[in-house]
Amino acid sequence: MSEETIFTKIIKGEIPSKQVYHDDLVTAFEDINPKAKHHILIVTNKPIPTVSDVEQEDEQLMGHLFIVARKIAEQLGVAKSGYRLIVNCGKDGCQEVPHIHMHFLAGGNLGLGGFPENK
């Protein structure tokens with residue numbers, strides 16, 4: 001098993017968060033440093049450090065991240081207008097927490113080069 005991260009503590013309820021979704025496979029909560037009107041982290045409950053550590057047995061889990069992103073988009077009313085999903089991998093990919101997670105960003109035009117100016 002991987003080393004405990006801030007995300008495993010959030011999943012276990014040891015650190016408070018504004019949770020928006022939870023099931024047996026993933027937990028989603030608001031980012032504490034949002035880069036968009038809606039900035040949610042969708043985190044695997046299984047602590048896998050990076051995409052490079054994903055195994056064949058994790059295929060359903062990885063696909064489930066996208067199903068949950070779709071559900072959150074519908075819940076927030078942005079499924080039709082659009083949203084951005086980002087998965088960073090490793091130090092050079094700007095991954096800050098060694099626990100697979102997907103950034104869900106929405107709420108206005110996200111632009112081609114980065115994040116929206118108006119949060």
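See the structure shown above.
Residues numbered from 1 in each chain as written. Predicted model: local features only at pLDDT ≥ 70, side-chain atom pairs only at ≥ 80, totals over all residues. Heavy atoms only, no water.

**Some remarks on the side chain of His101**
Take His101: it is sitting in strand β5 (residues 101-106). Of the residues examined, His101 reaches a relative accessible area of 5% and is grouped as buried. There is a polar contact of 2.6 Å between the side chain of His101 and the backbone oxygen of His99. If we ignore the near neighbours within four places in the chain, the residues touching His101 are Phe7, Leu41, Ile42, Val43, Ile86, Val87 and Gln95. (Helix = DSSP H or I, 4+ residues; strand = E, 2+ residues; numbered from the N terminus. Buried < 20%, exposed > 50% of the residue type's maximum accessible area, 1.4 Å probe, protein only. Polar contact = N/O pair within 3.5 Å; in protein donor to acceptor, adjacent residues only side chain to side chain. Contact = heavy atoms within 4.5 Å.)

**Observations concerning the sheet that holds strand β1 (residues 19-22)**
Taken in spatial order, the five strands make up an open sheet running β1-β2-β3-β5-β4, and their pairing is antiparallel. With partners counted over all chains shown, the strands left at the sheet margins are β1 and β4 (84-86), one partner each. Direction aside, neighbouring strands of the sheet carry axes that sit 20° apart on average. Of the strands in this sheet, β1, β2 (26-30), β3 (38-44), β4 and β5 are in contact with helix α2 (residues 59-76), which crosses β3 at around 150°. (Pairing = 2+ DSSP bridges. Axes fitted to C-alpha atoms, helices over the stretch in contact; angles between N-to-C directions.)

**A closer look at the pairing of β2**
The buried count for β2 comes to four of five residues, which makes it a mostly enclosed element. Bridge analysis of β1 against β2 gives three bridges, and the strand direction is antiparallel. Looking at the pairing, His22 lines up with Thr27 of β2.

**Notes on unusual backbone geometry**
A negative phi angle is the norm for most residues apart from glycine, just as the trans form is the norm for most peptide bonds. You will see that Cys94, though not glycine, has its phi angle at about 70°, which is positive. Here Cys94 shows up in the loop between β4 and β5. Residue classification places Cys94 among the exposed positions, given a relative accessible area of 55%.

**Topic: α2**
Between its terminal C-alpha atoms α2 stretches 26 Å, which fits the 26 Å expected from 18 residues at 1.5 Å a residue. Here α2 has its buried residues at Leu61, Met62, His64, Leu65, Val68, Ala69, Ile72 and Ala73. Check the buried side of α2 and you find it contacts β1, β2, β3, β4 and β5. Among the residues trailing α2, Gly77 stands out with phi positive, at a value near 75°. (Expected span 1.5 Å × (residues − 1).)

Interpretation in functional terms is not warranted from these geometric data alone.
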